[in-house]
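# Structural features, examined
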Amino acid sequence: MLPENERTRHRRLRDQGSRVRADLDAILAAGFVCHVGVVVDGTPLVVPTVYGCDAGTLYFHGSVASRSLVAGVADEVCVTVTHVDGLVLARSLFEHGVNYRSAMVFGVPRAVTDPEEKLEGLRILSEHSAPGQWDYARRPSKKELAATVLLALSLDEASVKIRVGPPDDGDGPDVALGLWAGVLPLETRWGALQADPVLPAGIEPPEHLVRLSGDGR
């Protein structure tokens, strides 16, 4: 179970809250873009970036030129990942909502400086979004590694919320309006591969990308 404290306690819509660690893992596994909330020089910033996870750590990265990431290393951050699964269309606009899965992870990230851990963290990040690509493409050079900030954040402090199902007004007075109500699902999937226009003829995409893409269906 996920531990509960003042930051992770569910105060609103408690029935949508979850303390099940498997729910957190599933939400993180289903995405690869997070939003990092930091405060830099008194100004709040929310930075989108890619991430990857192992059993207990979330890795995210950026350029050394990224002022928000570099300056925010020593401070508390809030990292969020959200998936929208559908619009909940009720009989009244007030009861409209969204089916979603969302996770918030709190803590002070640490900069990964050990060369071996940095390379492993980048491997985790790469394999999280495109499994198989780490062994296919050229690995980062020393110069590229030096230009990359990799941050590690423990998953020990997190808050999870999930909303599923139909509208909540099916047993209310608005049923008498005779209006349609239900859910408009939203699905996200990869499309067909699009080759680089300058790719020489005869170079076919690797099997791991074909399986991941719409071409592999």
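Structural data are supplied above this passage.
Below or above, wherever it landed, is the structure these notes cover.

## Here's the deal with the overall build of the chain
When its secondary structure is counted, the chain shows 6 helices and 10 strands. Across its three principal axes, the chain shows a C-alpha extent of roughly 65 × 50 × 30 Å. Buried positions account for 35% of the 217 residues belonging to the chain. Excluding contacts between residues fewer than 6 apart, the proportion of contacts in the chain whose partners are at least 24 apart in sequence is 70%. Across the chain, 22 positive and 29 negative side-chain charges occur, with their mean positions spaced 2 Å apart.

## Notes on a nonpolar patch on the surface
The grouping of V84, L87, V98, L184 and L186 at the surface amounts to a nonpolar patch, some 400 Å² of accessible area in total. Checked against the element boundaries, V98 lands in strand β6 (residues 97–107).

## A look at the pairing of strand β8 (residues 148–154)
Within β8, 6 of the 7 residues are buried, leaving the element largely enclosed by the surrounding structure. As paired elements, strand β7 (residues 110–111) and β8 share 2 bridges and run antiparallel to each other. From the neighbouring strand, R110 faces β8, where its bridge partner is A152.

## Quick notes on the state of the cysteines
For the structure on display, the rule yields 0 disulfides. For C34, which is in no disulfide, the shortest distance to another cysteine sulfur is to C53 and amounts to 8.6 Å. Note on C34: relative accessible area 0%, which makes it buried.

## Observations concerning the pattern of salt bridges
Taken as a whole, this structure holds 11 salt bridges when the rule is applied. Among the ionic pairs, E4 bridges to R9, the shortest N-O distance being 3.9 Å. On the accessibility criterion, E4 (41% relative accessible area) is partly exposed. The salt bridge partner of R139 is D135, with a shortest N-O separation of 2.9 Å. Among the residues examined, R139 registers a relative accessible area of 39% and is labelled partly exposed. Residue classification places D135 among the exposed residues on the basis of a relative accessible area of 64%.

## A short note on the packing of aromatic side chains
Applying the stated criterion to the full structure yields 1 aromatic pair. Residues F32 and W190 carry aromatic rings whose centres are separated by 5.7 Å and whose planes lie at 25 degrees to one another, so their mutual orientation is stacked. You can see F32 sitting in the loop between α1 (21–29) and β2 (33–40) and its partner W190 sitting in the loop between β10 (182–185) and α6 (207–212), a full 158 residues away along the chain. Judged by its relative accessible area of 30%, F32 is partly exposed.

## Focus on helix α3 (residues 115–129)
Its 15 residues give α3 an end-to-end C-alpha distance of 22 Å, which sits within 8% of 21 Å, the value for a rise of 1.5 Å per residue. For α3, the complete set of buried residues consists of K118, G121, L122, I124, L125, S126 and H128. Taking the backbone nitrogen of E116 as reference, a side-chain oxygen 3.2 Å away marks D114 as the first, capping residue of α3.

What counts and how
Residues numbered from 1 in each chain as written. Predicted model: local features only at pLDDT ≥ 70, side-chain atom pairs only at ≥ 80, totals over all residues. Heavy atoms only, no water. Helix = DSSP H or I, 4+ residues; strand = E, 2+ residues; numbered from the N terminus. Buried < 20%, exposed > 50% of the residue type's maximum accessible area, 1.4 Å probe, protein only. Contact = heavy atoms within 4.5 Å. Lys, Arg positive; Asp, Glu negative; His and termini not counted. Charge placed at Lys NZ, Arg CZ, Asp CG, Glu CD. Patch = residues over 30% accessible without salt bridge, like charges linked within 9 Å, V, L, I, M, F, W, Y side chains within 5 Å. Areas by Shrake-Rupley, 256 points an atom, 1.4 Å probe, with all protein chains shown as cover. Salt bridge = Lys/Arg side-chain N within 4 Å of Asp/Glu carboxyl O. Pairing = 2+ DSSP bridges. Disulfide = S-S within 2.5 Å. Phe/Tyr/Trp six-rings, centres within 6.5 Å; stacked < 30°, edge-to-face > 60°. Expected span 1.5 Å × (residues − 1). Polar contact = N/O pair within 3.5 Å; in protein donor to acceptor, adjacent residues only side chain to side chain.

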